[in-house]
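As a plain string of letters, each chain reads:
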Amino acid sequence: MPAPLEITTNRLTLRPPTEGDRSLWLRLHRDPALYEHAPWAMPASDADATRLFEESRSRWSSVGFDYGVVEETGTRSGVGVGGLSRRGVDAGAEELTLSYRLAPRVQGRGLATEAARAWTAHAIEWLPALPVVLRSRPANEPSVRVALRAGLEPVGTVAEGPDGGLSTVLHAPRVESPDALDEATRESLLDLWCAVNDSGGAVGFLPRTPRHQVAGALATHEEEMEDGLTTPVLLRGAHERVVAAGFWVADRNPLLGHSRTAFRIMTDPRMRGRNLGRLLLAAMHRVAREQHVEVGLVDVRSGLGTTRFYERCGYVEVGRLPGVIRVAPGDDRDCVVMARRLDDRPLVADGRA
């Protein structure tokens, strides 16, 4: 299934540039106010900006992605440029460089954050498996803040520009789907799982469940990994911590071999609001497609607002078991079954009873 060229969010359409975007591109790339923290990066002339525009359109044609246009969906008005471009090919250290540049008139409305979160998830789900990287001068606090909210973490600094000043380097989490867990990964995953339990997350245990009980559940998953029934999907953040994780589990029934059910979807509670849930699902969809999975399922506990998150990620409710989850005496919750297709077919019933 090819990667979609357009991305839609609540308010935005992120799309390839067209000939009609030429004037917007030049206006934004030649505005000194948008290069306050990196004046050396601004194209020196309209001709240079035009050359960048043509190069970007050429890369869209050849590889299917690059920097594009940010458009407000309701008005169909272009308000910015940005996205991901494959860089470092000649240097032998390839990466997907994240960039965003929005018109001054729309700044302060959270549009850059909305776009950056969508681009980062899109990269993890669809683009080449390369590091997603952003570089920004520390003084450019809005840019760094947007990157953090998109799920990136600081990993160091690098000298750049004619002044040799230091820029903060931020990376998105790295996707891993190991065949087996080494000891360090197992302990980091248990740290994450226990933290999610204690924060009230719906991942199979109540708060303050002893670590050894959680370790027993993880051991069961590892046994199923050996049998080929379970596939772990991890997001590895800065300092090699597992910051998010989930498991795809196959049914033993061969008639259901084209589907998988997601279990233990968990993200680091210390990084709430940092887009990790969306990045984890993007990683899980990527791994599932690599295994030729066509349908993804997930059971969701009601009362946590989690169903809205999955709906935003393309899942729909296909069933509900009322009151089967007893969180505490007098507190029974529904088990909501949600699904989405991972191919290009619609999720519809065939009508046969």
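Here the structure is shown first, and the text comes after it.
About the cut-offs
Residues numbered from 1 in each chain as written. Predicted model: local features only at pLDDT ≥ 70, side-chain atom pairs only at ≥ 80, totals over all residues. Heavy atoms only, no water. Helix = DSSP H or I, 4+ residues; strand = E, 2+ residues; numbered from the N terminus. Rg over C-alpha atoms; globule rule 2.2 N^0.38 Å. Buried < 20%, exposed > 50% of the residue type's maximum accessible area, 1.4 Å probe, protein only. Contact = heavy atoms within 4.5 Å. Lys, Arg positive; Asp, Glu negative; His and termini not counted. Charge placed at Lys NZ, Arg CZ, Asp CG, Glu CD. Pairing = 2+ DSSP bridges. Right-handed = clockwise from strand over helix to strand, strands pointing away. Expected span 1.5 Å × (residues − 1). Polar contact = N/O pair within 3.5 Å; in protein donor to acceptor, adjacent residues only side chain to side chain. Phe/Tyr/Trp six-rings, centres within 6.5 Å; stacked < 30°, edge-to-face > 60°. Axes fitted to C-alpha atoms, helices over the stretch in contact; angles between N-to-C directions. Parallel < 35°, antiparallel > 145°, perpendicular 65-115°, else oblique. Left-handed = near helix turned anticlockwise from the far one by under 90°. Nonpolar A, V, L, I, M, F, W, Y, C, P; charged D, E, K, R; others polar. 1 Å grid on protein atoms, 1.4 Å probe; cavity = no way out; pocket = protein on both sides within 12 Å on 5 of 7 lines; lining within 4 Å. Points joined across faces, edges and corners; volume = space filled by probe spheres on them.

Participant: In this structure, what is going on with the overall build of the protein chain? I would like to understand it.
Facilitator: Looking only at helices and strands, the protein chain features 8 helices and 15 strands. Scaling as 2.2 N^0.38, a compact globule of 353 residues should have a C-alpha radius of gyration of about 20 Å, and the protein chain matches this with 22 Å. Viewed in the frame of its principal axes, the protein chain has a C-alpha envelope of about 65 × 50 × 40 Å. Residues counted as buried form 48% of the 353 residues belonging to the protein chain. Long-range contacts, defined as pairs at least 24 residues apart, comprise 60% of the intrachain contacts of the protein chain with a sequence gap of at least 6. Across the protein chain, the centroid of the 44 positively charged side chains sits 4 Å from that of the 47 negatively charged ones.

Participant: Even after reading the chapter, I still don't get the pairing of strand β15 (residues 331-341), so can you show me in this structure?
Facilitator: Remark: a regular strand shows side chains that alternate across the two faces of the sheet. For β15, a buried count of 8 out of 11 residues is recorded, marking the element as mostly surrounded by other parts of the structure. Both strand β14 (residues 316-328) and β15 contribute to a ladder of 8 bridges, which runs antiparallel. From the neighbouring strand, I325 faces β15, where its bridge partner is R333. Hairpin connection from β14 to β15: 2 residues lie between these consecutive antiparallel strands, with G330 at a positive phi of about 80 degrees.

Participant: Is there a simple way to think about unusual backbone geometry in this case?
Facilitator: One non-glycine residue, R208, lies in positive phi territory at about 70 degrees. The phi torsion at R264 lies on the positive side, around 55 degrees, for a residue other than glycine. Its location among the elements puts R264 in strand β12 (residues 259-267).

Participant: Mind showing me how you'd approach the pairing of strand β13 (residues 295-301) here?
Facilitator: Counted residue by residue, β13 has 5 buried out of 7 residues, so it is predominantly covered. Looking at chain direction, β12 and β13 are connected through 4 bridges and run parallel. Bridged to R260 within β13 is G296. In this view, the connection linking β12 to its parallel neighbour β13 by way of helix α7 (residues 276-290) has right-handed handedness. Pairing of β13 with β15, which is carried by 7 bridges, proceeds in the antiparallel orientation. Paired with V298 across the bridge in β15 is M338.

Participant: Would you mind showing me how to read helix α5 (residues 183-198) here?
Facilitator: Residues that lie three or four places apart on an α-helix share one face, since the helix turns once every 3.6 residues. Look at α5: 22 Å from first C-alpha to last across 16 residues, which is about the 22 Å you get at 1.5 Å a residue. Every buried residue of α5 is listed here: T185, S188, L189, L190, L192, W193, C194, V196 and N197. Summarising the contacts, the buried residues of α5 are in contact with α6 (211-226), β10 (230-236), β11 (242-249) and β12. Capping the start of α5, D182 holds a side-chain oxygen 3.3 Å from the backbone nitrogen of A184, two or three residues further along. Count one or two residues on from α5 and you reach G200, which has phi positive near 90 degrees.

Participant: Can you help me understand the packing of aromatic side chains in this one?
Facilitator: To describe a pair of aromatic rings, you give the distance between the ring centres and the angle between the ring planes. Enumeration over the complete set of coordinates arrives at 4 aromatic pairs. Pairing W25 with F53 gives two aromatic rings, centres 5.5 Å apart and planes at 65 degrees, and the pair type is edge-to-face. Of this pair, W25 sits in helix α1 (residues 22-29) while F53 sits in helix α2 (residues 46-63), placing them 28 residues apart in sequence. Neither residue differs from the other here; W25 and F53 are each classed as buried.

Participant: When you look at the sheet that holds β14 in this model, what are you seeing that I'm missing?
Facilitator: As a general point, the strands of a sheet are linked pairwise by backbone hydrogen bonds and lie either parallel or antiparallel. Taken in spatial order, the 7 strands make up an open sheet running β9-β10-β11-β12-β13-β15-β14, and their pairing is mixed. Edge positions in the sheet fall to β9 (174-176) and β14, since each has one partner strand and no second. Neighbour-to-neighbour, the strand axes of the sheet open up by a mean angle of 25 degrees, direction not taken into account. Summarising the sheet, β11 and β12 pair through 5 bridges and their orientation is antiparallel. Opposite A244, over in β12, you have T267 as the bridge partner.

Participant: What is the right way to read the packing of α1 against α2 from this model?
Facilitator: How two helices pack is summed up by the angle between their axes together with the distance between the axes. Across the interface, α1 lies against α2 with an axial gap of 9 Å and an inter-helix angle of 125 degrees. The angle between the axes of α1 and α2 places the two elements in the oblique class. Our pair here, α1 against α2, has a crossing hand that is right-handed. Facing α1, whose interface residues are R22, W25, L26 and H29, α2 presents D46, A49, T50, L52, F53, E54 and S56. Tallied by class, residues from the contact of α1 with α2 come to 5 nonpolar, 3 polar and 3 charged.

Participant: What is the right way to read the layout of surface pockets from this model?
Facilitator: Counted as a void, the second largest pocket has a volume near 1,400 Å³. In terms of lining, the second largest pocket is formed by 47 residues, of which the most central are L34, S99, Y100, R101 and S143. Where the lining of the second largest pocket is concerned, the elements lending two or more residues are α1, α2, β4 (77-87), β5 (95-102), α3 (111-126), β6 (132-136) and α4 (141-149). Taken together, the residues of the lining of the second largest pocket break down into 20 nonpolar, 14 polar and 13 charged.

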